[in-house]
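Structural characterization, general
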Amino acid sequence: MIHTVQIVPGDVQFEVTSGQTILSAVMSQNIAWPNRCRVGACGACLGKILQGDVSYDLEPVLSERERLEGWVFACLATPQSDIVLTLEG
Ligand code: FES
């Protein structure tokens with residue numbers, strides 16, 4: 001299944017294939033997104049989901065408050081629906 005990811009502001013859109021992480025899809029399409037370790041350790045890739053759902057093979061360490069606020073690790077998260085995402089906190 002393919003899901004669409006929209007990054008706001010800027011209205012950048014790209015597709016993520018089943019099982020692909022957000023960061024992997026971003027990088028394959030040469031879209032700038034901060035990252036460093038790519039294994040869920042550094043937090044550089046953190047983004048905030050404004051709409052939609054993601055899942056993880058390996059749950060990252062997020063506080064309940066961060067989870068409720070929508071923070072996601074782009075290097076680990078795979079979309080489970082179309083999503084809207086921002087880098088702005
Ligand atoms: S790139 Fe380091 S946590 Fe995602």
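Look above for the structure.
The structure contained in this document is the topic of the report that follows. Residue numbering note: each chain is counted from 1, following its sequence as written. In view of the model being predicted, local features appear only for residues whose pLDDT reaches at least 70, and side-chain atom pairs are presented and counted only at 80 or more, with totals across whole chains, interfaces and linings using the full set of residues. In computing side-chain properties, one takes all heavy atoms of the structure into account and sets aside hydrogens as well as water.

1. Concerning the environment of Ser-18
For helices the rule is a DSSP run of H or I covering at least 4 residues; for strands it is a run of E covering at least 2, with both sets numbered from the N terminus onward. Mapped onto the fold, Ser-18 is located in the loop between strand 2 (12-17) and helix 1 (22-28). Distance from Ser-18 to Pro-79, taken between C-alpha atoms, is 8.0 Å for residues 61 residues apart in sequence.

2. Describing the pairing of strand 1 (residues 2-7)
Exposure is judged per residue with a 1.4 Å probe applied to protein chains only, and the accessible area is read against the type maximum: over 50% gives exposed, under 20% gives buried, and values in between give partly exposed. Residues of strand 1 alternate between two faces, with His-3, Val-5 and Ile-7 buried on one and Ile-2, Thr-4 and Gln-6 left unburied on the opposite face. Bridge count between strand 1 and strand 2: six bridges; the pairing is antiparallel. Directly across from Ile-2, in strand 2, lies its bridge partner Thr-17. Here a strand pair is declared whenever DSSP counts at least two bridges between the two strands. Linking strand 1 to strand 2, which pair antiparallel, is a turn of four residues; within it Gly-10 sits at a positive phi near 115 degrees.

3. Digging into the nonpolar core
By convention a nonpolar core is built from buried Ala, Val, Leu, Ile, Met, Phe, Trp, Tyr and Cys residues, the set being connected through side-chain atoms within 4.5 Å. One finds Phe-14, Ile-22, Trp-33, Tyr-56 and Leu-85 to be the most contacted residues of the largest nonpolar core, which totals 22 residues. Elements with a minimum of two residues in this core: strand 1, strand 2, helix 1, strand 5 (71-73) and strand 7 (83-86). Looking at which element gives the most residues to this core, the answer is helix 1, with four residues. In this view, Tyr-56 contacts Leu-62, Trp-71, Val-72, Phe-73, Leu-76 and Ala-77; residues no more than four positions away in its chain are not counted. Throughout, a residue-residue contact means that at least one pair of heavy atoms, one from each residue, lies within 4.5 Å.

4. Examining unusual backbone geometry
Residue Pro-9 is reached from Val-8 by a cis peptide bond, and omega for that bond is -10 degrees. Turning to its location among the elements, Pro-9 is positioned in the loop between strand 1 and strand 2. Here the phi dihedral of Asn-30 falls at roughly 55 degrees; this positive angle occurs in a residue that is not glycine. Structurally, the position occupied by Asn-30 is in the loop between helix 1 and strand 3 (46-51).

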